[in-house]
Amino acid sequence: MIRLRYFASLRERLGVDEESLALPPGVADVATLRSALRERGGAWAEALAETRPVLCAVNQAMARPGDAVADGDEVAFFPPVTGG
Amino acid sequence: MIRLRYFASLRERLGVDEESLALPPGVADVATLRSALRERGGAWAEALAETRPVLCAVNQAMARPGDAVADGDEVAFFPPVTGG
Amino acid sequence: MDEVRVQQEPFDAAAEIAALRAGNPRIGAVVSFLGLMRDLNEGEPVATMTLEHYPGMTERSLEAIVAEARARWDLEGVRVVHRVGTLRPEEPIVLVAVASRHRGEAFRACEFVIDWLKTRAPFWKKETTATGDRWVAHRAADAEAEARWGIDPRP
Amino acid sequence: MDEVRVQQEPFDAAAEIAALRAGNPRIGAVVSFLGLMRDLNEGEPVATMTLEHYPGMTERSLEAIVAEARARWDLEGVRVVHRVGTLRPEEPIVLVAVASRHRGEAFRACEFVIDWLKTRAPFWKKETTATGDRWVAHRAADAEAEARWGIDPRP
């Protein structure tokens, strides 16, 4: 199982702030996880489209598309940050 | 007459903080004034030696050696500044 | 000493700076950045702003930014306090205060911390305007400001 | 609003910054530099420091520096407060606070003002150490810091 979290405009678009998920088959990194979520269609396909600037954190550290995702991880998706 | 002022280490070396002076003959700018004061000899020759980093202000604005000095001016000599 | 904090309540910048430099007579310079809520963004009046964050990751990312500043410059202390929740115009959003022996290091490190914070710390602003709520868009200028500092080894 | 001041008494940095930004919701950034007396200079412990200045010219030169900063950057306010007289370690010597809409201008202008002040404002420091009094020497680093900003039309 992985824990998924969504923040800010992405959370609003998807209508969910967090969920637990069995690691889908073929998912080994951030890019394949994002792609698997896109396949849910609708808001998911739109909000996580490759052209959208979506950031990802794995275990609360910024991650790149090629970074590994494994069972037990906390993975978050969110828009570019705007604090400060 | 011009009003002369001295500050910080220069004031201490010369033992005077201000004086009034009739503009000496031949003095028309900062460089010739400094040279005329050097001719007093002793501490004056030493403290105002050309090799010393002495700054000058004419009428309370930083001045260069070629800047004019005229009757009625306030002229100050002092070491490089160290505030802040 | 170093400290990073995320809080709902307003902070007291003077008290933060006093704590930063207390009992350290080696400090010759404190440079601080105070980020304030403006009443106008992209030409439209803004009534209130709500700051969302990612609890846990926020603190970790601020600590990582401070550690990076420490590695780059010789500093005596760094303090970052960032508010979340609802704010009004003129209210402080963030304080970054850096103490060092000489001023150059404090200026560099303070600007570095806020530049990295603006692109790496998980905060998001939502504005309430007369025409409704809107999420604030990431400024291209912030990405450029971050890029000036070069790349760190982490992603 | 802009203000420059030279005074014997300690100043309240928080009150100065509050006055700088009071009632101006356009301000998004305040960058401030606080210069503090260190207990050690060039390896020797310093007990007290006495600051001398050139009354009249000091205020004029600070005003000229602020005017130059105003001409170079789009600012909402600048405040400079400098102490004279006798100070002890950890005491604030000078505050430079700059307010602007966005942070880049405030960082640039704040550092510019303190860099110019360090080479152009008529203040002199005398330190009291265990081995006697000594005038502080001008730092070459300060001349270099000033030179980065380029030459102004005045001498």
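Cut-offs and rules
Residues numbered from 1 in each chain as written. Chains lettered and ligands numbered in written order. Predicted model: local features only at pLDDT ≥ 70, side-chain atom pairs only at ≥ 80, totals over all residues. Heavy atoms only, no water. Contact = heavy atoms within 4.5 Å. Buried area = accessible area lost by both parts, 1.4 Å probe. Salt bridge = Lys/Arg side-chain N within 4 Å of Asp/Glu carboxyl O. Polar contact = N/O pair within 3.5 Å; in protein donor to acceptor, adjacent residues only side chain to side chain. Helix = DSSP H or I, 4+ residues; strand = E, 2+ residues; numbered from the N terminus. Nonpolar A, V, L, I, M, F, W, Y, C, P; charged D, E, K, R; others polar. Pairing = 2+ DSSP bridges. Axes fitted to C-alpha atoms, helices over the stretch in contact; angles between N-to-C directions. Least-squares fit on C-alpha atoms with pLDDT ≥ 70 in both. Buried < 20%, exposed > 50% of the residue type's maximum accessible area, 1.4 Å probe, protein only. Arc of directions from axis to C-beta. Parallel < 35°, antiparallel > 145°, perpendicular 65-115°, else oblique. Left-handed = near helix turned anticlockwise from the far one by under 90°.

Observations regarding the interface of chain D and chain C
At step 1: Contacts between chain D and chain C engage 35 residues on the former and 35 residues on the latter.
At step 2: Taken together, both faces of the contact between chain D and chain C bury some 3,000 Å²; the carbon and sulfur share is 48%.
At step 3: On the chain D side of the contact with chain C, R38(D), R103(D) and F107(D) bury the most area, a combined 23% of that side's loss.
At step 4: On the surface where chain D and chain C come into contact, there are 6 salt bridges.
At step 5: Here R103(D) ties to D115(C) by a salt bridge, and the two come within 2.7 Å at their closest N and O atoms.
At step 6: Across the chain D-chain C interface, the total number found is 17 residue pairs in polar contact (both at pLDDT 80 or more).
At step 7: Elements represented by at least two residues in the side of chain D that touches chain C include exactly α1 (13–21), β2 (29–36), α3 (103–120) and α4 (140–147) of chain D.
At step 8: A class-by-class count of the residues in the side of chain D that touches chain C yields 15 nonpolar, 6 polar and 14 charged.
At step 9: Alignment of strand β2 (residues 29–36) of chain C against β2(D), held across 7 bridges, turns out to be antiparallel.

Concerning the sheet that holds strand β3 (residues 55–58) of chain B
Where strands meet in a sheet, backbone hydrogen bonds hold them as pairs that are either parallel or antiparallel.
Residues and elements named next belong to chain B.
At step 1: The sheet built from 5 strands is open, its strands ordered β2-β1-β5-β3-β4 with mixed pairing. Looking at which strands have only one partner, the edges of the open sheet turn out to be β2 (18–21) and β4 (61–63). Along the sheet, successive strands turn relative to each other by an average axial angle of 30°, direction set aside.
At step 2: In terms of strand pairing, β3 meets strand β5 (residues 74–78) through 4 bridges, oriented antiparallel. Residue pairing for β5: V58 is matched across the bridge by V75.

Focus: the relation of the copies chain D and chain C
At step 1: Mapping chain D onto chain C is achieved by rotating through 180° and translating by 0.0 Å along the same axis, at an RMSD of 0.0 Å. Here the transformation between the copies is reduced to the relation of a two-fold axis.
At step 2: With an isologous cut-off of 70% or more, the 100% of interface residues of chain D that recur at the interface of chain C puts this contact in the isologous class.

Section: α1(D)
At step 1: Of all the residues in α1(D), the buried ones are E16(D), I17(D), L20(D) and R21(D). Down the axis, α1(D) shows its buried residues gathered within 120° of arc, on one side only.
At step 2: Residues of α1(D) that are buried sit in contact with β2 and β7 (92–100) of chain C together with β1 (3–7), β2, β6 (77–83) and β8 (92–100) of chain D.
At step 3: The opening residue of α1(D) is D12(D), an N-cap whose side-chain oxygen sits 3.0 Å from the backbone nitrogen of A14(D).
At step 4: Just downstream of α1(D), G23(D) is the residue with a positive phi angle, here 65°.

Let's talk about the interface of chain D and chain B
At step 1: Between chain D and chain B, the residue contacts involve 28 residues of the former and 23 residues of the latter.
At step 2: Taking both partners together, chain D and chain B bury about 2,000 Å²; carbon and sulfur atoms supply 57% of that area.
At step 3: Here chain D and chain B share 2 salt bridges between them.
At step 4: Among the salt bridges present, the one from K126(D) reaches E12(B), with a minimum N-O distance of 2.3 Å.
At step 5: Elements with a contribution of two residues or more to the side of chain D that touches chain B: β5 (48–53), α2 (57–72), β8, α3 and β9 (123–129) of chain D.
At step 6: Take the side of chain D that touches chain B: its biggest share by element is 5 residues, from α3(D).

A few points about the packing of helix α3 (residues 103–120) of chain C against helix α4 (residues 140–147) of chain C
The axes of two packed helices give the description: the angle between them and the distance between them.
Residues and elements named next belong to chain C.
At step 1: Contact geometry of α3 with α4 gives a least axis separation of 9 Å together with a crossing angle of 130°. Classed by the angle they form, the pair α3 and α4 counts as oblique. For the pair α3 and α4, the sense of crossing is left-handed. Of the residues in α4, those touching α3 at D115, W116, K118, T119 and R120 are D142, A143, A145 and E146.
At step 2: For the contact of α3 with α4, a count of residues per class yields 3 nonpolar, 1 polar and 5 charged.

Digging into unusual backbone geometry
Residue and element names in this part refer to chain A.
At step 1: One non-glycine residue, A8, lies in the positive phi region at around 55°.
At step 2: Its place among the elements puts A8 in helix α1 (residues 8–14).
At step 3: Overall, the relative accessible area of 0% leaves A8 in the buried class.

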